[in-house]
Amino acid sequence: ELVARIKSLFRRVDSLTQHKETSILKYGNIVLNTKTRQCFVNDDKLELTPTEFNALSYMLLNPNQAVSRQELLKHVWGSQWDQDTRVTDDMVKRLRKKIVHSNVRIESVWGFGFRLSLVNNHENN
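Below: a short report on this structure. (Residues numbered from 1 in each chain as written. Predicted model: local features only at pLDDT ≥ 70, side-chain atom pairs only at ≥ 80, totals over all residues. Heavy atoms only, no water.)

1. Here's the deal with the nonpolar core
Then, number 1: Within the largest apolar cluster, 27 residues are counted, with the highest numbers of intra-cluster contacts made by Ile30, Leu56, Leu60, Leu72, Leu95 and Ile106.
Then, number 2: Considering every element that reaches this core, the biggest residue donor is helix α2 (residues 50-61), with 6 residues.
Then, number 3: Apart from residues lying up to four places away in sequence, leucine 72 is in contact with Ala55, Tyr58, Met59, Val67, Trp77, Thr88 and Phe114. (Core = buried A, V, L, I, M, F, W, Y, C linked by side-chain atoms within 4.5 Å. Buried < 20%, exposed > 50% of the residue type's maximum accessible area, 1.4 Å probe, protein only. Helix = DSSP H or I, 4+ residues; strand = E, 2+ residues; numbered from the N terminus. Contact = heavy atoms within 4.5 Å.)

Written out as structure tokens, the structure is:
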């Protein structure tokens, strides 16, 4: 009976883990598929560089939360990256242009980094 209970616990843990490992990230009208590495705004496909894709996916995993420039450097370029954080600003500038038709904005958090936020409907009109 003990072995059956333990097996049951392992099955439940496996089930919960599989649900958390989703390949689809959604925020507002942006949909990002991490397995196919495709991004859509509504039904329009966005052409993103690998760096832009990685940065956007990281920010989509942390919506409404401020993400530091250093965090993006570490996640997107790797922990060995030892350059000026202006590289993140340039990449975010390109991303902003690409998602301009979405209801998602990349806000600057002064002196820190960036945050994804949703645009109010009246701002889109």
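2. What to know about the sheet that holds strand β5 (residues 67-68)
Then, number 1: Strand order in the open sheet formed by 3 strands is β5-β7-β6, and the pairing between neighbours is antiparallel. Both edges of this open sheet fall to β5 and β6 (104-109), since each of them pairs with a single strand only.
Then, number 2: Pairing of β6 with strand β7 (residues 113-118) involves 6 bridges; the strand directions are antiparallel. Considered in β7, the bridge of isoleucine 106 is made with leucine 116.
Then, number 3: The sheet strands contacting helix α4 (residues 86-98) are β6 and β7, and the helix crosses β6 at an angle near 155°. (Pairing = 2+ DSSP bridges. Axes fitted to C-alpha atoms, helices over the stretch in contact; angles between N-to-C directions.)

3. Considering the environment of methionine 91
Then, number 1: Here methionine 91 shows up in helix α4.
Then, number 2: Judged by relative accessible area, methionine 91 falls into the buried class, the value being 0%.
Then, number 3: As for methionine 91 and threonine 51, which are separated by 40 residues in sequence, their C-alpha atoms are 7.9 Å apart.
Then, number 4: In contact with methionine 91, not counting residues within four places along its chain, are Thr51, Glu52, Ala55 and Trp77.

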